[in-house]
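Each chain is listed here by its residues.
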Amino acid sequence: MSNHLSDRIKNMSTSATLAMAAKARELRNEGKDIIGLSLGEPDFNIPDFIKDAAKQAIDENYSSYTPVDGYAELKTAISNKFKRDNNLDYGPNQIVVSTGAKQSLFNVAMVVLNPGDEVILPAPYWVSYSDIVKLAEGVPVEVLTQIDTDFKMTPEQLEAAITPKTKMLWFSSPCNPSGSVYSKEELEGLAEVLKKYPDIYVVSDEIYEHINFAGGHVSIAGIDGMYDRTVTVNGVSKAFAMTGWRIGYIGAPEWIAKGCTKLQGQVTSGANAIAQRAVITALEAPVSKIKYMIDKFHERRDLVLELLGEIEGFNLNVPEGAFYVFPDISAFFGKSLNGVTINNASDFSLYLLEHANVATVTGEAFGNPNCIRISYAASENELKEAIVRIKNALTS
């Protein structure tokens, strides 16, 4: 009966990160000791002060349908957060709360893109961007960046990718999967190009905003001339360890926010009531309350870079945010390891799963065929053991 599925769903890729996580679970169920470094999920428990807010919301009977675009109190908290952390003035009528930042991105694509509109994606990009754009009948235009520029797109690359069909630019900073963080000067360089093309809009995915080791986060919406053409996407999954609570949000020009609310009203309606009440408390808290997690990620990054740097064939840069490293492993292409020929990053990632019992994700899923993504959102003991296994599997 699969032939009866729509072309839309048949042509969609399966999320590579979720697929690898599912494969790792399957192998664990078979009794194999798999270390999972594939999912972008903090290994910390949610802070107690946020749990307490959720319990209070249950006791206060927040159980009814929520407003499509989010509780007014939450939108006010988001507005205040944008001003406090990003110096951005988004009023409540410019904010839409959704069931995770992934839905926020999907909403924007469906609301802004028409068939054939091109969306520039600096590669590597988050695994779902391309398929979300395709679902909205847009055309992803990949711009391959290099490890020697820390996987950041240059103004020259942006200019070269623009055509009369270009409608949007999508990127994340800090970036998933590379951990790259665009500086103010780098964003200003991109903005100077975009100012020549006033009909191009920007989606700035800032979900990793607080997991930042570069000395400060900069939003492109705050760059001169960019506010009225930028959608700023954020949420609580990463910095607050609330992946399962599924709350994301946008700050956007009011016409885009209204379009997203209209679409969401026909698809999911408002996000979960209890989660929204808890997020009010999360966003109103000072960032210092989650700094212990950020500090630990920083320590793990340094540990992973040190240990991977001892393995010949891994070409590494220093990511400045998020919780990933994105090594270039193309030195292994064409080689045979334990009777397995490594032709590409997918082969390499599968080899590590089968011969090192370590789950990673191929860079091909992120638009870069020479790299793999390794998440260090795991304990130090797991990270040390995983890299020992990787080294043994590659040098045996």
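Anything mentioned here points back to the structure above.
One structure accompanies this document, and this report is about it. (Residues numbered from 1 in each chain as written. Predicted model: local features only at pLDDT ≥ 70, side-chain atom pairs only at ≥ 80, totals over all residues. Heavy atoms only, no water.)

### Description of helix H10 (residues 273-284)
Inference 1: With 12 residues, H10 ought to run about 16 Å at 1.5 Å a step, and its terminal C-alpha atoms sit 17 Å apart, in line with that.
Inference 2: Burial runs high along H10: 10 of the 12 residues are buried.
Inference 3: All of the buried residues along H10 are Ala273, Ile274, Ala275, Gln276, Arg277, Ala278, Val279, Ile280, Ala282 and Leu283.
Inference 4: Elements in contact with the buried residues of H10: helix H3 (48-59), helix H4 (72-86), strand E2 (95-98) and strand E8 (248-251).
Inference 5: Capping of H10 at its N-terminal end is provided by Asn272; its side-chain oxygen lies 3.0 Å from the backbone amide nitrogen of Ile274. (Helix = DSSP H or I, 4+ residues; strand = E, 2+ residues; numbered from the N terminus. Expected span 1.5 Å × (residues − 1). Buried < 20%, exposed > 50% of the residue type's maximum accessible area, 1.4 Å probe, protein only. Contact = heavy atoms within 4.5 Å. Polar contact = N/O pair within 3.5 Å; in protein donor to acceptor, adjacent residues only side chain to side chain.)

### Describing the layout of surface pockets
Inference 1: Of the voids in this model, the largest pocket is the one considered here, and its volume is about 550 Å³.
Inference 2: In terms of residues, the lining of the largest pocket owes the most to one element, helix H5 (residues 101-112), which gives three residues.
Inference 3: Here the lining of the largest pocket is built from residues that sort into 10 nonpolar, 10 polar and six charged. (1 Å grid on protein atoms, 1.4 Å probe; cavity = no way out; pocket = protein on both sides within 12 Å on 5 of 7 lines; lining within 4 Å. Points joined across faces, edges and corners; volume = space filled by probe spheres on them. Nonpolar A, V, L, I, M, F, W, Y, C, P; charged D, E, K, R; others polar.)

### A closer look at the side chain of Ser173
Inference 1: Turning to its location among the elements, Ser173 is positioned in the loop between strand E5 (166-172) and helix H8 (184-194).
Inference 2: Assessed through its relative accessible area of 3%, Ser173 is described here as buried.
Inference 3: Separated by 2.9 Å, the side chain of Ser173 and the backbone nitrogen of Tyr182 make a polar contact.
Inference 4: Those residues in contact with Ser173 that sit more than four places away from it in its chain are Ser180, Val181, Tyr182, Asp205, Glu206 and His217.

### Quick word on the packing of aromatic side chains
Each aromatic ring pair is characterised by the separation of its centres together with the angle its planes make.
Inference 1: Enumeration over the complete set of coordinates arrives at 19 aromatic pairs.
Inference 2: Ring centres 5.3 Å apart and planes at 75° place the aromatic pair Phe151 and Phe326 in the edge-to-face group. Taken as a pair, Phe151 in the loop between strand E4 (139-144) and helix H7 (155-161) and Phe326 in the loop between strand E9 (324-325) and strand E10 (336-337) lie far apart in primary sequence, 175 residues in all.
Inference 3: The class of Phe151 is buried, set by a relative accessible area of 4%.
Inference 4: Both rings, one in Tyr208 and one in Phe323, keep their centres 5.4 Å apart while their planes meet at 75°; by these two values the pair is edge-to-face. Here Phe323 lies in the loop between helix H11 (291-308) and E9 and Tyr208 lies in the loop between strand E6 (201-205) and strand E7 (230-235), a separation of 115 residues in the sequence.
Inference 5: The exposure class assigned to Phe323 is buried, which follows from its relative accessible area of 0%.
Inference 6: Here the basic side chain of Arg277 rests over the ring of Tyr71, its NZ or CZ set 4.9 Å away from the ring centre.
Inference 7: The ring of Phe49 is capped by Lys289, whose NZ or CZ atom sits 4.0 Å from the centre of that ring. (Phe/Tyr/Trp six-rings, centres within 6.5 Å; stacked < 30°, edge-to-face > 60°. Lys NZ or Arg CZ within 6 Å of the ring centre and 35° of its normal.)

### Some remarks on the pattern of salt bridges
Inference 1: What the rule picks out here adds up to 21 salt bridges.
Inference 2: Residue Glu254 pairs with Lys258 through a salt bridge whose shortest N-O separation is 3.5 Å. In this pair, Glu254 and Lys258 are both assigned in helix H9 (residues 254-267), four residues apart and thus about one turn of the helix distant.
Inference 3: Residue classification places Lys258 among the exposed residues on the basis of a relative accessible area of 54%. (Salt bridge = Lys/Arg side-chain N within 4 Å of Asp/Glu carboxyl O.)

### What to know about the packing of H5 against H9
Inference 1: Remark: H5 packs on H9, axes separated minimally by 9 Å, with the N-to-C direction vectors making an angle of 105°. Taken together, the axis directions place H5 and H9 in an arrangement best described as roughly perpendicular. On H9, the residues that touch Gln103, Asn107, Val108, Met110, Val111 and Val112 of H5 are Ile256, Gly259, Cys260, Leu263 and Gln264.
Inference 2: Taken together, the residues of the contact of H5 with H9 break down into seven nonpolar, four polar and no charged. (Axes fitted to C-alpha atoms, helices over the stretch in contact; angles between N-to-C directions. Parallel < 35°, antiparallel > 145°, perpendicular 65-115°, else oblique.)

### Quick look at the sheet that holds E6
Inference 1: Pairing is mixed across the open sheet formed by seven strands, whose spatial order is E2-E8-E7-E6-E5-E3-E4. Sheet topology places E2 and E4 at the edges, where each strand pairs with a single neighbour. For this sheet, the mean inter-axis angle between neighbouring strands, taken without regard to orientation, is 20°.
Inference 2: In terms of strand pairing, strand E3 (residues 118-123) meets E4 through six bridges, oriented parallel. Residue pairing for E4: Val119 is matched across the bridge by Pro140. (Pairing = 2+ DSSP bridges.)

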